[in-house]
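# Examining the three-dimensional arrangement
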Amino acid sequence: MSELAPPRIRIGRYNIKAGPVAHLQAERQRLEGLSWEHFDAAPHGATIGATLTGVDLAQDLPAPVVAEVRQALLDYKVVFFRDQHLTAEQHVAFARRFGDLEVHPFLKSNSSLRELVRFEKSPEVGGYENGWHSDVSWRAEPSMGSILRAIEVPPSGGDTLFADMGAVYDGLDADTRALIDPLQAEHDFTQVFGRSLPPEKQAEMRQRYPPVEHPVVRTHPETGRRLLYLNRFFGLRIIGLPDDESQALIDRLCRQAEVVEYQCRFQWSPGSVAFWDNRAVQHYACSDYWPARRVMERATVIGDRPA
Ligand code: SIN
């Protein structure tokens, strides 16, 4: 940093701070300096999100274009595309260029393609994805990335927000980072997907998908960045801590995703596509549009074991 950042100040009796979130500067300037051969990129948030223009995802894209999209995903953490009126088959074909796709054992899929999770919200079906999370962190090898396509959107609302979990980690104080660096957390599907299952089905699914332990802070396997990898949907407890301490720490850490300076927000239109890196970001689907319809389909690329 070339000059001393103006200080952040605590406001009155509340535990809130105001002032520049200065640690974003280096990453923001790095992103501002990027240029691309196969598309243009318009950044969204300070360190997260960009809309890429000039790529037609319906095509069988040449390998150098796919490689550059992948690099843009690593840099911006989530990339957006507009006016991509893909068939379900083209959606899956694009996603396969980035790895094997998962079949979600709990969520409803597209009627002909099991690799596409279908979120079909309506007066009868509310949106429950409005909590910060990383997709399928309850799996031993959670998702590398998710590719979500808008089919039908509400007249207003229904945005998706994304938070840069590297910026979250960097923003923690040194004592907190030292405390959490060696910790592991248990992740489990039951809080979210177990709720509506009868006990015997829940027990069967728990045998197939037992709780897994992941580091609270993971190192991104491609960028080398340290990231907070914990969410309140699936992260149940921190190993080795008493339950009340574990719950308080998880809550304190996960609330950092709510800091607006770490976020970007995407407003959908039919044909929009978002591709996010589940290792680097968490997301939150605004559930502010009921009883309108919102129909989306998601392909999820399998990742590796967090380390
Ligand atoms: C999800 O949580 O993957 C769904 C996101 C969305 O519907 O915007």
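Higher on the page you've got the structure.
Residues numbered from 1 in each chain as written. Predicted model: local features only at pLDDT ≥ 70, side-chain atom pairs only at ≥ 80, totals over all residues. Heavy atoms only, no water.

The peptide bond linking Trp290 to Pro291 adopts the cis configuration, its omega dihedral lying at 10°. By the secondary structure assignment, Pro291 is in the loop between strand E16 (281-285) and strand E17 (294-302). Here Lys77, not a glycine, exhibits a phi torsion of approximately 75°, which is positive. Examined against the element boundaries, Lys77 turns out to sit in the loop between helix H2 (63-76) and strand E5 (78-81). What makes Lys77 buried here is its relative accessible area of 4%. Non-glycine residue Val136 carries a positive phi angle of around 45°. Of note, Val136 is situated in the loop between strand E6 (116-121) and strand E7 (143-152). With relative accessibility at 3%, the residue Val136 sits in the buried group. (Helix = DSSP H or I, 4+ residues; strand = E, 2+ residues; numbered from the N terminus. Buried < 20%, exposed > 50% of the residue type's maximum accessible area, 1.4 Å probe, protein only.)

Before going further, it helps to spend a moment on the pairing of strand E3 (residues 40-43). Taken together, the four bridges between E3 and strand E4 (residues 50-53) define a ladder with antiparallel strand orientation. Along E4, the bridge assignment pairs Pro43 with Ala50. (Pairing = 2+ DSSP bridges.)

This brings us to the site of the ligand. What surrounds the ligand is the set Phe119, Glu129, His133, Asp135, Leu148, Thr160, Trp276, His283, Ala285, Arg294 and Arg298. Interatomic distance of 2.8 Å between a side-chain N/O atom of Arg294 and an oxygen atom of the ligand. Contact distances for the ligand include 2.8 Å between an oxygen atom and a side-chain N or O atom of Arg298. Burial of the ligand by the protein amounts to 99% of the accessible area it has alone, namely 260 Å². Of all the secondary-structure elements, those providing two or more residues to the shell around the ligand are E16 and E17. (Near = heavy atom within 4 Å. Polar contact = N/O pair within 3.5 Å; in protein donor to acceptor, adjacent residues only side chain to side chain. Areas by Shrake-Rupley, 256 points an atom, 1.4 Å probe, with all protein chains shown as cover.)

On to the packing of aromatic side chains. Tallied over the full model, the rule gives 20 aromatic pairs. Between Trp36 and Tyr76 the ring centres are 6.0 Å apart and the planes differ by 50°, which places this aromatic pair in the tilted class. With Trp36 in the loop between helix H1 (25-32) and E3 and Tyr76 in helix H2, the pair connects residues that are 40 residues apart, well separated along the chain. Given the relative accessible area of 1%, Tyr76 is considered buried. (Phe/Tyr/Trp six-rings, centres within 6.5 Å; stacked < 30°, edge-to-face > 60°.)

Turning our attention to the sheet that holds strand E14 (residues 263-266). Taking strand neighbours across the sheet as the criterion, the three strands line up as E14-E8-E16 in an open arrangement whose pairing is antiparallel. Edge strands, defined here as strands with exactly one partner in the open sheet, are E14 and E16. Across the sheet, the axes of successive neighbouring strands diverge by a mean angle of 20°, strand direction being ignored. In terms of strand pairing, strand E8 (residues 160-164) meets E16 through five bridges, oriented antiparallel. Among the inter-strand pairings, Asp164 is bridged to a residue of E16, identified as Val281. (Axes fitted to C-alpha atoms, helices over the stretch in contact; angles between N-to-C directions.)

Turning to the pairing of strand E15 (residues 273-277), a few remarks are in order. Burial within E15 is extensive, with five of its five residues counted as buried. With burial as the criterion, each face of E15 is covered, one bearing Val273, Phe275 and Asp277 and the other bearing Ala274 and Trp276. Relative to E15, E7 runs antiparallel, the two being bridged by five bridges. When the bridges of E15 are listed, Ile147 appears paired with Phe275.

A few words on the nonpolar core. Leu57, Val79, Phe81, Phe94, Phe98 and Phe275 are the most contacted members of the largest nonpolar core, which has 31 residues in total. Residue assignment for this core shows that the elements contributing at least two residues are E4, H2, E5, helix H3 (88-96), E7, E15 and E17. A per-element tally of this core places H2 first, with six residues. Setting aside anything within four residues of it in sequence, one finds Val79 in contact with Ala50, Leu52, Ala72, Leu73, Val273, Ala274 and Phe275. Formed by 25 residues, the second largest nonpolar core is a distinct cluster that contains Ile180, Leu183, Val217 and Leu230. (Core = buried A, V, L, I, M, F, W, Y, C linked by side-chain atoms within 4.5 Å. Contact = heavy atoms within 4.5 Å.)

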